[in-house]
Amino acid sequence: MITGNLKTSYRADEQVLNNRWKRGFVLAAIAGLAAIPLFGNNYIVLIACQMGIMLIAVTGVNVVIGYTGLMSLGHAAFVAIGAYATVIFHNAAGGVIPESLLTLVAIPFAVVVSALAGIIVGLPSLRVKGLYLAVATLSANFIVIFLIEEQLFAPWTGGMNGINTPTANLLGWELSTRRELFWLIAVLAVLALLAAQNLFRTRVGRAFIAIRDRDYSAEILGISLYRYKLMSFAISAAYCGLAGALFAYFYARILPEQFDLHLSLMLVAAIIVGGMGRTMGAVYGVIIIVMVPEVIKVVFGALAGGGAELAMIRAPIQEIAFGALIVGFLLFEPFGINQIIDRALRALNRWPFARG
Amino acid sequence: MGQFLQFTINGLMSGAIYALIAVGLVSVFKATRVVNFAHGYLIMFGAYFYFTFAVLVPQMPFAPEWLQSWRPEWMLAMRADLPMFSPMAAVLDWMANLPRILLGLAGALVCNALLGLLIERALMRPLMGQSVFAMIMLTVGLISILSGAAQLIWTSDAEFVPALAPNTPIRFEMFGANIFLFGADLANMAIALLIFLGIVAMVRYTKSGVAIRATAEDQSTAYSMGISVPTVFSRAWVLASTTGAIAGAILATRNGISPALGLFGFSVLAIVLMGGLDSYLGVFIAAMAVGVLEALTQWKLGGEWAGIVPYVAVLIVILIRPHGLLGSKEIERI
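Bear in mind that the values here come from a model prediction, so they are computed numbers and not experimental data. (Residues numbered from 1 in each chain as written. Chains lettered and ligands numbered in written order. Predicted model: local features only at pLDDT ≥ 70, side-chain atom pairs only at ≥ 80, totals over all residues. Heavy atoms only, no water.)

Trainee: I'd like to hear about the overall build of chain B, residue by residue, with values.
Mentor: Regarding its fold elements, chain B presents 14 helices and two strands. Taken over C-alpha atoms, the radius of gyration comes to 21 Å for chain B, in line with the 20 Å a tight globule of 334 residues would show. Taking the principal axes of its C-alpha atoms as reference, chain B extends roughly 75 × 55 × 40 Å. Considering chain B as a whole, with its 334 residues, one finds that 55% of them fall into the buried category. The contacts in chain B between residues at least 6 apart in sequence include a share of 74% that link residues at least 24 apart. Accessible area for chain B stands at about 14,600 Å²; split by element, carbon and sulfur atoms hold 66% of it. Computed over 17 positive and 16 negative side-chain charges, the inter-centroid distance for chain B is 10 Å. (Helix = DSSP H or I, 4+ residues; strand = E, 2+ residues; numbered from the N terminus. Rg over C-alpha atoms; globule rule 2.2 N^0.38 Å. Buried < 20%, exposed > 50% of the residue type's maximum accessible area, 1.4 Å probe, protein only. Contact = heavy atoms within 4.5 Å. Areas by Shrake-Rupley, 256 points an atom, 1.4 Å probe, with all protein chains shown as cover. Lys, Arg positive; Asp, Glu negative; His and termini not counted. Charge placed at Lys NZ, Arg CZ, Asp CG, Glu CD.)

Trainee: Kindly report on the domain arrangement of chain A, identifying the contributing residues and their values.
Mentor: Residues and elements named next belong to chain A. Examined at the domain level, chain A breaks down into domain 1 (18-257) and domain 2 (260-356). Relative to domain 2, the C-alpha centre of domain 1 lies at a distance of 21 Å. Counting residues at the interface gives 29 residues for domain 1, matched by 23 residues for domain 2. Summing both sides of the interface, domain 1 and domain 2 together bury roughly 2,200 Å²; the carbon and sulfur share of this comes to 76%. Among the residues of domain 1 in contact with domain 2, Met51, Met54 and Val58 are the three that bury the most area, contributing 24% of the side total. There are ten residue pairs in polar contact (both at pLDDT 80 or more) connecting domain 1 and domain 2. (Domains from an automatic or database assignment. Buried area = accessible area lost by both parts, 1.4 Å probe. Polar contact = N/O pair within 3.5 Å; in protein donor to acceptor, adjacent residues only side chain to side chain.)

Trainee: Report on empty space enclosed by the protein, specifying residues and quantitative values.
Mentor: Residues and elements named next belong to chain B. Applying the stated criterion across every chain yields a total of one cavity of 30 Å³ or more. Size it by volume and the largest cavity reaches roughly 30 Å³. Along the walls of the largest cavity sit Thr32, Val34, Met124, Met135, Phe233 and Trp237, which together make up its complete lining. Class assignment for the residues of the lining of the largest cavity results in five nonpolar, one polar and no charged. (1 Å grid on protein atoms, 1.4 Å probe; cavity = no way out; pocket = protein on both sides within 12 Å on 5 of 7 lines; lining within 4 Å. Points joined across faces, edges and corners; volume = space filled by probe spheres on them. Nonpolar A, V, L, I, M, F, W, Y, C, P; charged D, E, K, R; others polar.)

Trainee: Go over the interface of chain B and chain A with me, naming the residues and quoting the values.
Mentor: Taken together, the 45 residues of chain B in the interface contact 41 residues of chain A. When chain B packs against chain A, the two sides together hide about 3,900 Å² of surface, and 81% of this comes from carbon and sulfur. Across the contact surface, chain B and chain A share two residue pairs in polar contact (both at pLDDT 80 or more). Taken together, the elements giving at least two residues each to the side of chain B that touches chain A come down to helix 5 (87-124), helix 6 (132-153), helix 11 (261-275), helix 13 (303-306) and helix 14 (309-320) of chain B. No other element matches helix 6 of chain B, which puts 16 residues into the side of chain B that touches chain A.

Trainee: So, a nonpolar patch on the surface: which residues are in play, and what are the values?
Mentor: Residues and elements named next belong to chain A. A contiguous nonpolar patch, built from Ile287, Met291, Val295, Val299 and Leu303 and spanning about 420 Å² of accessible area, is present on the exposed surface. Inspection of the secondary structure assignment puts Val299 in helix 14 (residues 279-304). Exposure remark for Val299: the relative accessible area of 42% places this residue in the partly exposed category. (Patch = residues over 30% accessible without salt bridge, like charges linked within 9 Å, V, L, I, M, F, W, Y side chains within 5 Å. Salt bridge = Lys/Arg side-chain N within 4 Å of Asp/Glu carboxyl O.)

In structure tokens:
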């Protein structure tokens, strides 16, 4: 039974992972992740890669929605910008920068471009909030997808037909299979999560939380709303840009419609299901959001045995399940899975005494 | 100049339909402070219900002959003497469809009203008093549920649905320019405007309208003054879903039925924010302006550019006037 979070030095108090349970959990999680490409089959690696990419994007959404309290329904646009920036950078700088360094430059490039886009899209957040901001970001999403599809930019973006993506290459190590790419995705996802956890013990992260809790009070306390709201958008867009860059390396071809409203809703749904404003919330949410369609697919495969009729109703069922997840969690568990797990851990911790 | 007038009039006609859809969003917002992100999907359901009752039901074996195509003796006699493509012939063709049009509209209205009630009762009411964020996200979840359900229920390919009014071509001259319109479009515009005005009048002058306005002003005060706020909520949802049903029927006759109808709701959402969420007049102006701008964009830049006009317009308006053209400013207490 943990009776308190006792510290003897300031250094110990300031650590990102401030008790040994957290440290143990992170080490165990890293060991578990390392086991996936070594022992998992192709299917597991595929799902794990998808989860890793989603996780980075959802962590970004968590920064802006969960921690800063700015409602955004357009984060798929930043994933799109990151993905297209990577591909365009590869095509443009292919001859200039040696192949083995290209990926190492392209990923930061995509992150920076997305962050800049985040600042632009975040501009309305200075004037409007809540619902108006949700619609403003939604509009930004539609506009970005439209610009990507537009004939005018088709020589760079491939227009409606999408564009082939390059293979990642780390100092001569070509990540041509998904198993190899998983290492890159997993390392970046873990770093992204730790960075997010770290962000909220810094001045910036605390300012975000203050803005979420009451923006006017935060302003009176001397937090510049102007600066921190834009910073929040920039950070979350940078996360999404990183996810987009990995997205581009992961798939052989990207299409504009992969980044439409549905992806934005998926990112928000993951954060609602997992638990807003908690680092682990993103993890739980992504696991559920990626696994539920897969489980439905497996169940339908077992039921139908390849029957065409059942296969046809699978896609709508997946869509309904996705909506039902959002609605169900909002109605019955508004703080998400994180809350359920917290409750379970607390009960375990106090056992056999009071529960709940 | 002639082209300009023609496209402006086309724009006004689609603007009227935008206004009709927007009225549902505004009503729900006024009563419940919730913006329904899934409104476009309610419209889609309205369109599918209209299709079901106007096309599928009359084809069923138990349906009487006259429901499918109503052709009494006197109509056949009149039809026989008319030349091809005369306006009267178009009117008579429409009259033959009249029974199923009425059945379709009635069915769409009733079914959509029930759907609206169900959503309000089962999903929105348990969240009453909770944060608005949760309610809005709930309507976002509703998007997926409704769009998946529509694909499950109506698997058949959408067919031609009968227009609400005789589709006679109308030509006339205005400022020396030839204008060419379809009768059905004109009638749709008239229907949309009449319903819009009717709802504005209802909210202003009737008892239940006053209840809606009182609830919009202050929920708990309205409650303590004896207004049943839950009833106001369900009334607002029924209002939204029934106007959505009519808009859906109109859109089905104009653009055909497809799951893409749901996306239409997002452009209307942009229009509503542009006009100001709680102002019928502002929303009306915004709807007409976006309709005209869209038509002019289509004329000058091509069809695909027209799709993003509402979104660009709302971004510009929000940046200059954060509460829309005529929306009332929210006053916050710290």
